[in-house]
Amino acid sequence: MALNKYLDVSPEVAEALANGRPVVALESTIISHGMPYPQNVETALAVENIIRENGATPATIAVIGGRLKAGCTKEEIEYLGKAGTNVTKASRRDLAVLCARGQDGATTVTTTMIIAHMAGIKVFATGGIGGVHRGAETTMDISADLEELAHTPVMVVCAGAKSILDLGLTLEYLETHGVPVLGYGTRELPAFYTRHSGFSVDYQVDTPEELAAAFRASLELGFEGGMLVTNPIPEEYSMDPAVINAAIDEALAQAKANGIHGKETTPFLLAKVKELTGGDSLDSNIQLVFNNAKVAAQTAACLAGK
Ligand code: PSU
Ligand code: MN
């Protein structure tokens, strides 16, 4: 396969792909912008281990020195975690400039999907995706993640979307753009920190085999888009909806008062929610990523027929 001239696939990931073994992509914005150091690095490395324990090879994705990395080393993960928000949060519109300048970027869901697809990786595990923000009818703030899901054939396993977003409008957008939303063991869209949102997803899918079969059919149909799997946070780690919703409302009010906009909005809201919930939300966040990594690895294994 002729790979992109800006792409570096790590030896371990390249070998797995060449032998048809399962690989799971992981994003790096969650490392640099989504969690504090050192929990971000510890979590990133623990997620890689969970993927290995479940029979797949992890590929943490980032932009380093203008190279698109499909598979980061431990040192690169450590670097991204320590550098934190000094690393550019890289969405689709940032990639060309970062490559041309030889700069670094932490990949969002969007750019992780782009680079995973370039490398031939079909399954990607993360925490939460971007979506339609509350008030988008006037701000037009809609995450590029939704557009990427419509156009790039990668299955994204997440824990739903946080209610910093307008979950109803996010589902409407995904429907319009033809993105299937599959609830893992549920017909209800999970809301990241909690298992319930009150919104329904299109289908309930109960096993990794069924997830793999659905995505295989999408690929065989020649569809260009991806699929979104929403996997509820394990009950024991889910948060009290009243506590988390109060923190989200306060975070939204502070974002408005501080005139936060553009790509700063999501990291600002995530950091505020964490601050207001005294770290409980960070524990939940870490556990739900572990849970998604497991489902993604098992699904990648089914897709690879292993
Ligand atoms: N939502 C979360 N955690 C995250 C993100 C979103 O619950 O870490 C990150 C992901 O990298 C996602 C990005 O792709 O934020 C979306 O940013 P924006 O809303 O600016 O598109
Ligand atoms: Mn935005």
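### Remarks on the packing of helix H10 (residues 208-220) against helix H13 (residues 280-303)
Running from amino to carboxyl end, H10 crosses H13 at an angle of 60°, the nearest separation of the two axes being 8 Å. The angle between the axes of H10 and H13 places the two elements in the oblique class. Along this stretch, H10 crosses H13, giving a crossing that reads as right-handed. Between H10 and H13, the residues in contact are Pro 208, Glu 209, Leu 211, Ala 212, Phe 215 and Arg 216 and Val 295, Gln 298, Thr 299, Cys 302 and Leu 303, respectively. Residue composition of the contact of H10 with H13, by class: 7 nonpolar, 2 polar and 2 charged.

### So, the nonpolar core
Side chains of nonpolar character tend, in soluble globular proteins, to be buried together. With 101 residues, the main nonpolar core has Leu 149 and Leu 228 as its most contacted residues. Looking at this core element by element, the count peaks at 12 residues for H13. Once residues within four sequence positions are removed from consideration, Leu 149 is found in contact with Met 113, Ile 129, Val 156, Leu 174, Val 179, Gly 225, Gly 226, Met 227 and Leu 228.

### Considerations on the site of ligand 1
The immediate surroundings of ligand 1 are formed by 14 residues, with Glu 27, Lys 89, Ser 143, Lys 162 and Thr 266 found nearest. Taking Val 109, its main chain carries an N or O atom lying 2.8 Å from an oxygen atom of ligand 1. One of the side-chain nitrogen or oxygen atoms of Ser 143 is found 2.6 Å away from an oxygen atom of ligand 1. Summarising the interface, the protein chains cover 91% of the accessible area of ligand 1, which totals 470 Å² for the free molecule. The cavity where ligand 1 resides is the largest pocket. When its residues are assigned to classes, the shell around ligand 1 shows 4 nonpolar, 6 polar and 4 charged.

### Observations concerning the layout of surface pockets
Roughly 760 Å³ of volume is contained in the largest pocket. Taken together, 36 residues form the lining of the largest pocket, with Lys 89, Thr 108, Ser 143, Asp 145 and Thr 266 sitting closest to its centre. Broken down by secondary-structure element, the contributors of at least two residues to the lining of the largest pocket are helix H2 (29-32), helix H5 (92-101), helix H6 (109-119), helix H8 (144-151) and helix H12 (265-276). With 4 residues, H12 is the single largest residue contributor to the lining of the largest pocket. Partitioning the lining of the largest pocket into residue classes produces 11 nonpolar, 16 polar and 9 charged. Taken as a whole, the second largest pocket spans an internal volume of roughly 340 Å³. Around the second largest pocket, the lining comprises 16 residues; the ones closest to its centre are Arg 134, Thr 139, Leu 252, Ile 260 and Thr 265.

Here is what the cut-offs are and how they apply
Residues numbered from 1 in each chain as written. Chains lettered and ligands numbered in written order. Predicted model: local features only at pLDDT ≥ 70, side-chain atom pairs only at ≥ 80, totals over all residues. Heavy atoms only, no water. Axes fitted to C-alpha atoms, helices over the stretch in contact; angles between N-to-C directions. Helix = DSSP H or I, 4+ residues; strand = E, 2+ residues; numbered from the N terminus. Parallel < 35°, antiparallel > 145°, perpendicular 65-115°, else oblique. Left-handed = near helix turned anticlockwise from the far one by under 90°. Contact = heavy atoms within 4.5 Å. Nonpolar A, V, L, I, M, F, W, Y, C, P; charged D, E, K, R; others polar. Core = buried A, V, L, I, M, F, W, Y, C linked by side-chain atoms within 4.5 Å. Buried < 20%, exposed > 50% of the residue type's maximum accessible area, 1.4 Å probe, protein only. Near = heavy atom within 4 Å. Polar contact = N/O pair within 3.5 Å; in protein donor to acceptor, adjacent residues only side chain to side chain. Areas by Shrake-Rupley, 256 points an atom, 1.4 Å probe, with all protein chains shown as cover. 1 Å grid on protein atoms, 1.4 Å probe; cavity = no way out; pocket = protein on both sides within 12 Å on 5 of 7 lines; lining within 4 Å. Sits in = over half its atoms within 2 Å of the grid points. Points joined across faces, edges and corners; volume = space filled by probe spheres on them.

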